[in-house]
Structures are given as C-alpha cells and as structure tokens.
Amino acid sequence: MDLKDFLRKVELFDGLTEAELEKVAAICQQRRFHRGDILTKQGTPGEELFIVTKGFVEVFLEAPQRVVVNLGAGQIVGEMALVDQGLSSATVRAVEEPTLTQVIRFEQLERLFQQDASIGFKIIRNIAADLSFKLRHRNLSER
Amino acid sequence: MASYKVSYVVIGMDHPGGIVNLDHKPFVGEQVRLSDLTFEVLEVLEIMPARGGFHYYHATCHPIPTDISSDGTDQKSS
C-alpha cells in the first residue's frame, strides 16, 4: 500500500488535505522491529513518534511490571512525550514478528507545525482524540 | 473509505486487551488476534460519535482455547 494511502487511514492525520499528507509523508521513515525489540524505554527522553503499520506492540509499565495495552495497525506511540515534552511514560516493545512502523522525529514534526499551523492544529487535535480513546479503553478495561 | 478504531477488552482472563484499526465494523462472533492470542467478540458498542472518516467502537471478547502443536504453533481447538 502506498504510504499516503496508509496515512489517510490513521486517525492522527484525519482532516489533512492531500498536500498536507504529502508533507507528512516526506518526513516519515519506515522502521522494522523484531519480536522483543524496544521502541521506547520508560523514563528516557522521547524523540520519535511511531505509527504501527503491521504487527503489534505492547505498552509495558516497569513498576509494578504489567502490560497495559496492545496496540495494532494504525495506532501511535510516543504521543505523550511529544505533547508534554516529558520522559517516556512506558516501555513499548514489539510482540509480533515482524512489526513495522513509520517513524517521525519530534524535531521534524515540530518544524512542520511551525511552517504550517493548519497541520499542527489538526494533528494536535487528533492526538487529543487518541489520548481520549486510550483513556476510555483503560476505563473500560478496569470495569 | 471509513476506518474503524476498536478498543478490545478481554474478559475471562488477565489480558490487557488492545486497540486496532479495522476496515470494517467489528461484529459479534468475529475472531480477532491481539498480539499472541485469538479472541471471539461477544459484544460491540459505539463509544464515541464518528468523526471524519473514523468510527469508534468498543468490543468485549473472550479467549478461544488453543492447543500447542508439536512445532510450537497455536492450533485452535475443534
């Protein structure tokens, strides 16, 4: 599948025009992970946003150790550190062989936001919706 | 084309569930794979109004029993 066709199906990019999607696609890099590989480590500075394109990752808290959610195709990882500039809130590791992602460096995304505020507004709004959905999932999981 | 963002919550075992995008609405009886296990959907609810091309669903599911074959792969029980 063409990268733009995939990005169009990712909620993070909902509402972007074709021209805006082109700009996002230009800063994406594909990265392949093997089962057990770490995408982000809890407590370390986050520098990249990951979009799962194939496979699954698990979001894992270190203390006490527990998996809080599995994220599959179309889901994003690293958005909290992008929003609050804090350290990564969890460890994320690949649990399927292979797990494929598209990766965007924060600095490139922030530069894009500065160049085009419309893209910045839409993506930040969509990140808020994604965080809301994840919170709803967690609330439903703990019923 | 619509996309369906689904929150899967597992009952009947200690499992964190998952979130996945589908190209179709989830349905009762559907079998889904979340990382290393397969589950059957028991209930489907819309949890947020659709926005843009996205629909938001919550599905409750339970594990489908599997046997481990001699080569180490999961085999669904008949």
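A few points on the structure. (Residues numbered from 1 in each chain as written. Chains lettered and ligands numbered in written order. Predicted model: local features only at pLDDT ≥ 70, side-chain atom pairs only at ≥ 80, totals over all residues.)

Bringing the overall build of chain A into the picture now. Scanning chain A from N- to C-terminus turns up 5 helices and 8 strands. For chain A, the α and β elements follow one another from N to C terminus as α-α-β-β-β-β-β-β-α-β-β-α-α. For 143 residues, the compact-globule estimate of 2.2 N^0.38 gives 15 Å, and the C-alpha radius of gyration of chain A, at 15 Å, lies within 12% of that figure. Considering only C-alpha atoms, chain A reaches an extent of 45 × 30 × 30 Å along its principal axes. (Helix = DSSP H or I, 4+ residues; strand = E, 2+ residues; numbered from the N terminus. Rg over C-alpha atoms; globule rule 2.2 N^0.38 Å.)

To continue, consider the overall build of chain B. Helix and strand content of chain B: 0 helices and 7 strands. Seen in sequence order, chain B has helices and strands lined up from the N terminus as β-β-β-β-β-β-β. Residues classed as buried in chain B amount to 29% of the 78 residues present. Within chain B, counting contacts between residues at least 6 apart in sequence, those at least 24 apart form 38% of the total. (Buried ≥ 20, exposed ≤ 12 C-beta atoms within 10 Å, placed from the backbone. Contact = placed C-beta atoms within 7 Å.)

With that settled, the discussion passes to the nonpolar core. Formed by 40 residues in total, the largest nonpolar core has its most connected members in L39(A), F50(A), V57(A), L71(A), V77(A) and Y8(B). Once residues within four sequence positions are removed from consideration, L39(A) is found in contact with F33(A), F50(A), V57(A), V77(A), V92(A), R93(A) and A94(A). (Core = buried A, V, L, I, M, F, W, Y, C linked by C-beta atoms within 7 Å.)

In this section: the environment of A94(A). Residues and elements named next belong to chain A. Here A94 lies in strand 7 (residues 91-94). Each C-alpha atom of the pair A94 and A129 lies 24 Å from the other, and the pair is 35 residues apart in sequence. In contact with A94, not counting residues within four places along its chain, are F33, H34, R35, G36, D37, L39, G55, V57 and T99.

Quick look at the interface of chain A and chain B now. Residue-level contacts link 23 residues of chain A with 19 residues of chain B. Of all the elements in the fold, those that place two or more residues in the side of chain A that touches chain B are strand 5 (65-71) and helix 5 (117-141) of chain A. The biggest single contributor to the side of chain A that touches chain B is helix 5 of chain A, with 6 residues. Of the residues in the side of chain A that touches chain B, the class split is 9 nonpolar, 7 polar and 7 charged. Across 2 bridges, strand 5 of chain A lies against strand 2 (residues 18-22) of chain B in parallel orientation. Considered in strand 2 of chain B, the bridge of N70(A) is made with G18(B). (Nonpolar A, V, L, I, M, F, W, Y, C, P; charged D, E, K, R; others polar. Pairing = 2+ DSSP bridges.)

Below, the discussion takes up the environment of V77(A). Residues and elements named next belong to chain A. Note that V77 resides in strand 6 (residues 76-77). Take V77: there are 22 C-beta atoms within 10 Å of it, and that puts it in the buried class. As for V77 and I38, which are separated by 39 residues in sequence, their C-alpha atoms are 12 Å apart. When sequence neighbours within four positions are dropped, the list of residues in contact with V77 reads L39, T40, F50, V57, L71 and V92.

It is worth spelling out helix 5 of chain A at this point. With 25 residues, helix 5 of chain A ought to run about 36 Å at 1.5 Å a step, and its terminal C-alpha atoms sit 36 Å apart, in line with that. Looking at the buried residues of helix 5 of chain A, the elements they touch are helix 2 (18-25), strand 5 and helix 4 (106-115) of chain A together with strand 1 (3-10), strand 2 and strand 5 (54-63) of chain B. (Expected span 1.5 Å × (residues − 1).)

Glancing now at the sheet that holds strand 3 (residues 48-54) of chain A. Residues and elements named next belong to chain A. Pairing in this open sheet of 4 strands is antiparallel, and the strands run 1-8-3-6 from one edge to the other. The two strands at the open ends of the sheet, each matched to only one other strand, are strand 1 (29-33) and strand 6. The strands that helix 4 touches are strand 3 and strand 8 (99-105); relative to strand 8, the one it contacts most, it runs at about 55°. (Axes fitted to C-alpha atoms, helices over the stretch in contact; angles between N-to-C directions.)

Reading across from one edge, 2(A)-7(A)-4(A)-5(A)-2(B)-1(B)-5(B)-4(B)-3(B) is the order of the 9 strands in this open sheet, with mixed pairing throughout. Sheet topology places strand 2 (38-40) of chain A together with strand 3 (31-34) of chain B at the edges, where each strand pairs with a single neighbour. Mean inter-strand twist for the sheet, computed between neighbouring axes without regard to direction, equals 35°. Strand direction decides the pairing type here: strand 4 (residues 37-51) of chain B and strand 5 of chain B, joined by 9 bridges, are antiparallel. For F39(B), the partnering residue across the bridge sits in strand 5 of chain B and is P63(B).

By themselves, these are just geometric observations and shouldn't be taken as functional.
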